[in-house]
Amino acid sequence: MKKLKVLLDEETIAKRVRELGEQITRDYADAEHLVVVPIMKGSFLFAADLIRQIDRELSVEFLGLRSYGAGTETSGVVQITYDLTQSVTHQHVLVVEDIVDTGLSMRYLLENLGTRQPRSLKLCSLLHKPARTRVKVPIDYLGFTIDDHFVVGYGLDYAEKFRNLPYIGVIEN
Ligand code: 5GP
């Protein structure tokens, strides 16, 4: 069994998610409708908590991404494994991601969604690891900036495990 060190505890995450929800609620005051796009699988818990803090009319459209790479490194080759089931043309779209690491996945996705002509397109990411940036992507709503650790929990996995942890932790070897 791997040992884990807590990086962000449950209470810290919940407080920040509330703040993000309040900010998004304010920013979309004039929007008739918002389409929230959680990126599978890592953002499913974050998105579930976040949307309950957004006091606006919204719908949820999941999108699956696979980034090829060995172990914990991405190669930058990104594939959509599950696409939206509705058109987002002329809609306000908010992508909800677990972590922006190199930025390659979000650059690919934002470019792809941009071609579908949404009315607006923004990114909300729970985590950002600036030390690993390879391409800069604008993060409109950010939960936490973290150091260069491989983190798990609160939806994030290591080999599909640890998604059920209520906190975000670092695996200690
Ligand atoms: P990027 O394309 O920005 O390098 O990588 C984005 C994806 O890599 C994230 O959506 C996530 O699935 C995965 N990833 C990057 N860093 C971590 C990490 O520290 N922990 C986990 N569990 N996944 C990560």
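Everything here concerns the structure above.
Figured I'd write up the structure that's included with this text.

Calculation rules
Residues numbered from 1 in each chain as written. Predicted model: local features only at pLDDT ≥ 70, side-chain atom pairs only at ≥ 80, totals over all residues. Heavy atoms only, no water. Buried < 20%, exposed > 50% of the residue type's maximum accessible area, 1.4 Å probe, protein only. Helix = DSSP H or I, 4+ residues; strand = E, 2+ residues; numbered from the N terminus. Arc of directions from axis to C-beta. Contact = heavy atoms within 4.5 Å. Axes fitted to C-alpha atoms, helices over the stretch in contact; angles between N-to-C directions. Parallel < 35°, antiparallel > 145°, perpendicular 65-115°, else oblique. Left-handed = near helix turned anticlockwise from the far one by under 90°. Nonpolar A, V, L, I, M, F, W, Y, C, P; charged D, E, K, R; others polar. Near = heavy atom within 4 Å. Polar contact = N/O pair within 3.5 Å; in protein donor to acceptor, adjacent residues only side chain to side chain. Patch = residues over 30% accessible without salt bridge, like charges linked within 9 Å, V, L, I, M, F, W, Y side chains within 5 Å. Areas by Shrake-Rupley, 256 points an atom, 1.4 Å probe, with all protein chains shown as cover. Salt bridge = Lys/Arg side-chain N within 4 Å of Asp/Glu carboxyl O.

### Here we look at helix α2 (residues 44-51)
In step 1: Of all the positions in α2, only F46, A47 and L50 are classed as buried. The buried residues of α2 occupy one face: seen down the axis, they fall within an arc of 95°.
In step 2: On its buried face, α2 is in contact with α1 (10-27), β2 (34-40), β6 (92-100) and β7 (120-128).

### Examining the packing of α1 against α2
In step 1: It is at 9 Å that the axes of α1 and α2 come closest, and there the two elements cross at 55°. Comparing the axis directions of α1 and α2 gives the class oblique. Helix-helix and strand crossings are classified by hand; for α1 and α2 the assignment is right-handed. Where α1 approaches α2, its residues V17, L20, G21 and I24 are matched on the opposing element by F46, D49 and L50.
In step 2: Here the contact of α1 with α2 is composed, by residue class, of five nonpolar, one polar and one charged.

### Quick notes on the site of the ligand
In step 1: Around the ligand, a shell composed of 16 residues is seen, among which D101, T102, S105, V151 and D157 lie nearest.
In step 2: Separating an oxygen atom of the ligand from a backbone N or O atom of D101 is a distance of 2.9 Å.
In step 3: The backbone of G103 places a nitrogen or oxygen atom 2.9 Å from an oxygen atom of the ligand.
In step 4: Elements with a contribution of two residues or more to the shell around the ligand: β6 and α3 (104-114).
In step 5: With four residues, β6 is the largest single contributor of residues to the shell around the ligand.

### Points about a nonpolar patch on the surface
In step 1: On the surface, V60, F62 and Y82 cluster together into a nonpolar patch covering about 250 Å² of accessible area.
In step 2: You can see F62 is positioned in the loop between β3 (58-60) and β4 (63-68).

### Some points on unusual backbone geometry
For residues other than glycine, phi is negative in most cases, and the peptide bonds are mostly trans.
In step 1: For the bond from M40 to K41, the omega torsion is -5°, close enough to zero to count as cis.
In step 2: Residue H90 is not a glycine yet carries a positive backbone phi of 65°.
In step 3: Along the chain, H90 falls in the loop between β5 (77-82) and β6.
In step 4: Taking the relative accessible area as the measure of exposure, H90 reaches 61% and is therefore exposed.
In step 5: With a phi close to 55°, Q117 is a non-glycine residue in the positive phi region.
In step 6: Along the chain, the position of Q117 falls in the loop between α3 and β7.
In step 7: With relative accessibility at 52%, the residue Q117 sits in the exposed group.

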